[in-house]
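Each chain, letter by letter, is given below.
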Amino acid sequence: MSQLRWEFKTDNAPCSNTLSRGDQIGSRQMSPEDLEESPQPEKLSIPGEFQDKGTPSSPPSIILSHIPDTPPSTQLFTGLHLAEMEKIFEEGIGSSRAMNLETFIRSMKKVLSDVSNEMLETLFFKVDSDGNGFITWPKYMDYVMHEFQGLEEMRRSQYRLRFHLPMQIIPLRRGCEIVKVEFLIQRFKKIGRFLTVTRDGVLQFWSESFLPISSFRLRKLHNQQMWVIDLVCLHNMNLIAVSSTELKIEFFDISNYKCVRAFTFTELDSCILVMDYWSDYHKGVFCLGDTKGNVIIFTSDNVASGLFNPHILPRISKWDHWVSVSMQKLLNEKSILYRSYCLPALHTNWCQQVKFVPQLNMVVSCSAVEKSSMVLTMLPSKDLEKPKFSVLNLRKGILCFDYCPDKNFLATGGYDSHIRLWNPFISKRPVWLMKGHQTSVTHIIVDSKNSSILISISRDKNICVWDLQDYVCLQTFSGKQFALGNYPITSAYFNTKGNTLICSTYSIGILKGYLEAHGPTKLGKTTTHNSALCAVLYSKIFKQVLSGCQQGTVSVWEIVTGRKMMEFSVSGAQLVELTAMALDTYERCLLTGLLDGTMKMWNYNTGECLLTFPNPDQVEISGIVHMNKVYYMTGWSKRITSFMFHKTKPVLLCHHWQTFHMEDVLCMAKYQNQFLGTSSYNGDILFWNVNMLKPILNFNASVSPLPLQPVKVEEAEVCVDSSQGLSKTCVEKMWAHKASERLPCPGRRTSHRRTLMSAPVGMKHSGSKEPERPLSQQICFSTGRSKSSNRYLDKGSFYKETEMRRKEPQKKMLLQSNASVEKIIFLQTRPRLPHTAAMLSSCINGYIYACSIHGNGGLLGKFPVDLEDNGDVVGAMATDENDWILITGDCKGRIKIWDIKDYCTFVGHRLPQSSGVKIPTETENKFRFLIPDRLQTSIPYYIPLQEKEVVKGQTISLVPPKLLITWKGHLESVADILYVESLQLIISAGQDWDVKAWKLSGDAIGMGPAEEFPNP
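Since we're looking at a predicted model, the values are computed, not measured.

S.K.: I tried to follow the overall build of the chain on my own but got confused; where do I start?
M.R.: On a plain count of helices and strands, the chain comes out with 12 helices and 66 strands. For the chain, buried positions account for 58% of its 1016 residues. By element, 51% of the accessible surface of the chain is carried by carbon and sulfur atoms, the whole surface being about 42,700 Å².

Below, the structure is given as structure tokens:
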């Protein structure tokens, strides 16, 4: 066995790839050849609540809702409650300051007396996601912050900003164009005001509804007219800075709706074209860009008494009526109150825009030139350090940009009419390209407050509204729809407070917007997910349903109300397909497996990644099981890999089990916390003893009805030194039955469990051994994805590949194995006896096989899922807690309930009298009474030609269990299904992008187009 050390994340930080800014920002310039390559899409992803729920006597009405309501748990997180809780944690609970469940409930009752014990117990389990049995104050606060962060991300993703016509036009009496529109709101005040300035120096104050308040004429010293180039508000100082053609920057005091000149920056090297100011009321950053491509930056750690305090500014003459400050003195003199940086000729032409990005501590500037189109200047943290630069080159340059903090990218526009999205740390080429304009893009505004909306404006006044979640254009407005005259838009401002877009030419245009709730859709119908479903799980401890789609989005639903509690992405920055999901033993953490072999553990109540497992194989994961504190993983590696933590050290140990499968593993299930079962593409079902780390039985109905002896395919132990990590192969023995090495082929096979189709006629109900195929056919339809295959897809190609895989010609199915086992489940209440079936398996030939997992057992029964012999294949199976019913979902979207209470129990033998096996005393299955008689009587009972057959001395029952009810549940195949015992509900997940809840009668009580499918 191989072992490797893997350090466990103990800081509970989300798992993400982070790089040091110092390492990422360099002085290397980009070449235009690099940027002319096709942009590689890269979606940058961004990282519960509870309710007092009683178990009803009858299933409640459930509607899966996309729109999150205000959670009742928010009352637990008010500032007053948190302050009192912190005192409780600090007082009277020992030096460790940790609480167990009993202490937590007793202490919380002092603060939250009206909250039930069940609600507090649920909260404790959510915070104690690692199952230690104790929680601390930092751990509690970490949960609170992650919950609110996840809720806010989900809320923003479920609303879209939409504008509606007509545009309100406010004409100006004066015939000069508006240079800038700004919005000024002071700290601790709810009402703000708009400011506009025209080219000839008319400053106008407006209310939030654009009613005029006052106006002023900005003039030079001797009452001469001022020609304004740009204006910026210094919101925390009640100042505005105005740049003009006089090589000066004038600062005016605008408090109390007045406009009084305060001071002036003089002796500028060239005309200032663009300005930007940012402040958090402590630190301030003032940026300038001029006609020579120079960029000037001023920073101050104390804005009240620093750079913009007129009393400390150096005057040119003591006789000045107002303070005149020499720009050269500001740049040359050193001061403890501010720092200045003059970056000469940063661009070779006019500076088009400059902006400080506080999240990155960068000043970004752009110019419409090929070289140095955009420069990112990293400001130093210490006085003696120098700024660092990252340069971006684009053939036609950049005219405008904005930064999206949610997704950490820069959006740029220029003369080529395209919008590009850039990772600021990877400036080689854009990560996304959006096309929609016909002329040059002059303005870009990112609204990250509401679902990351991007607004772009082109020179022909066309306005496009983009959704940065799906990178699609939501709305397009032609410039002909706006009565703004035959002039390009000179300034634009988006007011997040009122969701209004203000555009200006010689008039002011106001486009009002609203937030529209939305959810994923397919073919015009609302769905619960935006791609085909992979799996669905149920947590008894939290009464929540977890559903995951292939695109990597996991949704958490409250089973009683049907409300979506949380939604997060598990596929990382790149779209990697989600292929497997499982809950841990405590049902507090989610385990996910991806197409590239990545396995992670999540706190699904907050969307926080707790652990990333090692990934040596880098192939698809198809099964995950957590049992007895050990994590088991399998897939297209054809072997089981187990992980467990060291008993005394925070080290994750990895064991690669010996390989006994010759084909890819499609499914894995556990039996009584001691055994594992794995099924493969060639029909082998291996029954593993986890204590022995090897299989003890092999079942293959197409080969023999009797249990077979497992045959080892290969033995290759990879020895890993605890100090050196993955390394060398120690022993390698080739066995006679090892499958020949295969080459990758263009037609990649995918697991039928996710893309089930009806079995072709030549494959139906065939119990014979698989015939030999030509080598070329074996290559194309029995090999897994190669390691070199492209696992990372953009949004468009992801959907295309999914559709192509589901629409492969059926002639390919003729060449595939008729023994492929798509799903196995164990009947946990049944013992391991020779004549009692404790394992059910679904085969690609449309049959379900019942096997005894005893050494003297084997195949005891089989029956077709489709009684009309249409070759339907089952890809999802589930049972109730007593194993009295079997629930199946097939490739045509049909859901069926079978009575298996007495199916294949003691076939051909009498019931044991002296054994310790408990035999149910009930004579009738209770589920026959729960399903209405009118629905049961309409189903014809299938009668086989013969009741049994004997093969190799093994008696095999051919009589199927009674089919209680069937209904059409999904438009496409059922990917997964489960049964909630306490509510008597069936939860199904389909390839039609929907998760649905059903009563036992087949009545849909979940979201989806179930009303289109009447019960038979």
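More follows now that the structure is in view.
S.K.: Honestly, the packing of helix 4 (residues 101–111) against helix 5 (residues 117–127) in this entry has me stumped. Any pointers?
M.R.: When two helices pack together, their arrangement is given by the angle between their axes and by how far apart the axes lie. At a closest axis distance of 10 Å, the pairing of helix 4 and helix 5 adopts a crossing angle of 125°. Between helix 4 and helix 5, the angle is such that the two are oblique. Relative to helix 5, helix 4 is oriented so that their crossing is right-handed. Residues L101, F104, I105, M108 and K109 of helix 4 form the contact with helix 5, whose own contacting residues are N117, L120, E121, L123, F124 and F125. When its residues are assigned to classes, the contact of helix 4 with helix 5 shows eight nonpolar, one polar and two charged.

S.K.: Would you mind showing me how to read the pairing of strand 62 (residues 954–957) here?
M.R.: Examined bridge by bridge, strand 61 (residues 948–951) and strand 62 share four bridges and lie antiparallel to one another. Paired with K948 across the bridge in strand 62 is S957. Connecting the antiparallel pair strand 61 and strand 62 is a turn made up of two residues, with K952 showing a positive phi of about 55°.

S.K.: Would you take a moment to explain the sheet that holds strand 13 (residues 272–279) for this structure?
M.R.: One open sheet accounts for four strands, arranged 13-14-15-17; its pairing is antiparallel. Of all strands in the sheet, those bounded by a partner on one side alone are strand 13 and strand 17 (339–343). Neighbour-to-neighbour, the strand axes of this sheet turn through a mean angle of 10°, independent of strand direction. Bridge count for strand 14 (residues 284–290) against strand 15 (residues 295–300) is six bridges, and the pairing is antiparallel. If you follow G284 over to strand 15, its bridge partner there is S300.

S.K.: Would you take a moment to explain the pairing of strand 19 (residues 362–367) for this structure?
M.R.: Residues in a regular strand point their side chains to alternate faces of the sheet. Most of strand 19 sits out of view: six of its six residues are buried. Relative to strand 19, strand 18 (residues 351–357) runs antiparallel, the two sharing six bridges. Its bridge partner being in strand 19, Q353 is matched across the sheet by C366. Following strand 18, the chain reverses through four residues before pairing antiparallel with strand 19; N361 in that reversal takes a positive phi of roughly 55°. As judged from the five bridges shared by strand 19 and strand 20 (residues 374–378), these two strands associate in the antiparallel manner. By the bridge assignment, V363 is partnered in strand 20 with T377. The antiparallel hairpin formed by strand 19 and strand 20 contains six residues in its connecting segment, where S372 sits at a positive phi of about 60°.

S.K.: Got a minute to help me understand the sheet that holds strand 24 (residues 418–422) in this structure?
M.R.: Backbone-to-backbone hydrogen bonds join strands into a sheet, with any given pair of strands oriented parallel or antiparallel. The strand order across the open sheet formed by four strands is 22-23-24-25, and the pairing between neighbours is antiparallel. What marks the edges here is a single partner per strand, and that holds for strand 22 (400–404) and strand 25 (432–435). The mean angle between the axes of side-by-side strands here comes to 20°, regardless of whether they run parallel or antiparallel. Where strand 24 lies against strand 25, four bridges are found, and the strand directions are antiparallel. Opposite H418, over in strand 25, you have K435 as the bridge partner.

S.K.: Where do I start with unusual backbone geometry in this structure?
M.R.: Note: most peptide bonds trans; most residues except glycine with negative phi. For the bond from L165 to P166, the omega torsion is 5°, close enough to zero to count as cis. Despite not being glycine, E267 has its phi angle at roughly 55°, a positive value. Looking at the secondary structure, you find E267 in the loop between strand 12 (260–266) and strand 13. Classification of E267 as partly exposed rests on a relative accessible area of 45%. With a phi close to 55°, N673 is a non-glycine residue in the positive phi region. Mapped onto the fold, N673 is located in the loop between strand 47 (665–671) and strand 48 (675–680). Classification of N673 by relative accessible area gives partly exposed; the value is 42%.

S.K.: Looking at this structure, I do not really get the side chain of D992. What am I missing?
M.R.: With respect to the helices and strands, D992 occurs in the loop between strand 65 (985–990) and strand 66 (995–999). Among buried charged residues, D992 stands out as having no salt bridge; its nearest opposite-charge side chain is K996, 4.2 Å away. Among the polar contacts made by the side chain of D992, one reaches the side chain of H970 at a distance of 3.0 Å. A distance of 3.0 Å separates a polar atom in the side chain of D992 from the backbone nitrogen of L971.

S.K.: Help me understand the pattern of salt bridges in this model?
M.R.: Opposite charge on two side chains permits pairing when their charged atoms draw close. Applying the stated rule across the entire model yields 16 salt bridges. Between R563 and E558 there is a salt bridge, and its shortest N-O distance comes to 3.9 Å. Using a relative accessible area of 9% as the deciding quantity, one classes R563 as buried. Exposure remark for E558: the relative accessible area of 1% places this residue in the buried category.

S.K.: Teacher, can you tell me more about the packing of aromatic side chains here?
M.R.: Here a ring pair, both rings aromatic, is described through the centre-centre distance and the interplanar angle of the planes. Counting across every chain of the model gives 35 aromatic pairs. Feature note: the residues F251, F263, F265, F286, F298 and Y338 constitute an aromatic cluster, connected by ring pairs. Stacked on the ring of Y847, the Lys or Arg K862 has its end atom at 5.5 Å from the ring centre. One Lys or Arg, K901, reaches over the ring of W884 and ends 5.5 Å from the middle of that ring.

S.K.: Sorry if this is basic, but what is going on with the nonpolar core here?
M.R.: Considering soluble globular proteins, one finds that nonpolar side chains tend to be buried as a cluster. Membership of the largest hydrophobic core comes to 41 residues, with the highest contact counts inside it found for F104, Y140, F568 and L590. Residue contributions to this core peak at six residues, all from helix 5. With 25 residues, the next largest nonpolar core counts I249, I272, V323 and L331 among its residues.

S.K.: What should I look at first to understand the confidence of the model for the chain in this one?
M.R.: Do not read the fine detail of predicted coordinates wherever pLDDT is low. The predicted model of the chain has a mean per-residue pLDDT of 76, with 71% of residues at 70 or higher. Across residues 715–755, where pLDDT falls below 50, the model places 90 contacts with residues more than four positions away in sequence or in other chains. Counted against residues more than four places away or in other chains, residues 757–793, with its pLDDT under 50, gives 99 contacts.

S.K.: Any chance you could explain helix 5 here in plain terms?
M.R.: Three or four residues apart is the spacing at which side chains of an α-helix point the same way, because the helix has 3.6 residues per turn. Among the 11 residues in helix 5, eight count as buried, and that is most of the element. For helix 5, every residue scored as buried is listed here: M119, L120, T122, L123, F124, F125, K126 and V127.

S.K.: Sorry if this is basic, but what is going on with the side chain of T505 here?
M.R.: Locating T505 in the fold gives a position in the loop between strand 31 (500–504) and strand 32 (507–517). On the basis of relative accessible area, T505 is assigned to the buried category, the value being 1%. Contact partners of T505, with chain neighbours within four places excluded, come to E177, I178, L484, Y487, P488, I489 and T490.

S.K.: Sorry if this is basic, but what is going on with the state of the cysteines here?
M.R.: The bond known as a disulfide is covalent and runs between the sulfur atoms of two cysteines. Enumeration according to the criterion identifies zero disulfides in this entry. For the unlinked cysteine C400, the closest cysteine sulfur is that of C366, found at 7.1 Å. Looking at C400, the relative accessible area reads 2%, which means it is buried.

S.K.: Is there a simple way to explain the environment of I977 in this structure?
M.R.: Looking at the secondary structure, you find I977 in strand 64 (residues 974–980). Apart from residues lying up to four places away in sequence, I977 is in contact with V536, A876, M877, A878, I887, T888, I895, I986, I987 and S988.

S.K.: Mind showing me how you'd approach the environment of H646 here?
M.R.: As for its position among the elements, H646 is in the loop between strand 45 (641–645) and strand 46 (652–656). Take H646: its relative accessible area is 31%, and that puts it in the partly exposed class. Not counting chain neighbours up to four residues away, the residues in contact with H646 comprise V651 and L653. In terms of polar contacts, H646 uses its side chain to reach the backbone amide nitrogen of T648, at 3.1 Å.

S.K.: Would you take a moment to explain the environment of D467 for this structure?
M.R.: Along the chain, D467 turns up in strand 28 (residues 463–467). Overall, D467 belongs to the buried group, its relative accessible area being 1%.

Parameters and conventions
- Residues numbered from 1 in each chain as written.
- Predicted model: local features only at pLDDT ≥ 70, side-chain atom pairs only at ≥ 80, totals over all residues.
- Heavy atoms only, no water.
- Helix = DSSP H or I, 4+ residues; strand = E, 2+ residues; numbered from the N terminus.
- Buried < 20%, exposed > 50% of the residue type's maximum accessible area, 1.4 Å probe, protein only.
- Areas by Shrake-Rupley, 256 points an atom, 1.4 Å probe, with all protein chains shown as cover.
- Axes fitted to C-alpha atoms, helices over the stretch in contact; angles between N-to-C directions.
- Parallel < 35°, antiparallel > 145°, perpendicular 65-115°, else oblique.
- Left-handed = near helix turned anticlockwise from the far one by under 90°.
- Contact = heavy atoms within 4.5 Å.
- Nonpolar A, V, L, I, M, F, W, Y, C, P; charged D, E, K, R; others polar.
- Pairing = 2+ DSSP bridges.
- Lys, Arg positive; Asp, Glu negative; His and termini not counted.
- Salt bridge = Lys/Arg side-chain N within 4 Å of Asp/Glu carboxyl O.
- Polar contact = N/O pair within 3.5 Å; in protein donor to acceptor, adjacent residues only side chain to side chain.
- Phe/Tyr/Trp six-rings, centres within 6.5 Å; stacked < 30°, edge-to-face > 60°.
- Lys NZ or Arg CZ within 6 Å of the ring centre and 35° of its normal.
- Core = buried A, V, L, I, M, F, W, Y, C linked by side-chain atoms within 4.5 Å.
- pLDDT = per-residue confidence, 0-100.
- Disulfide = S-S within 2.5 Å.

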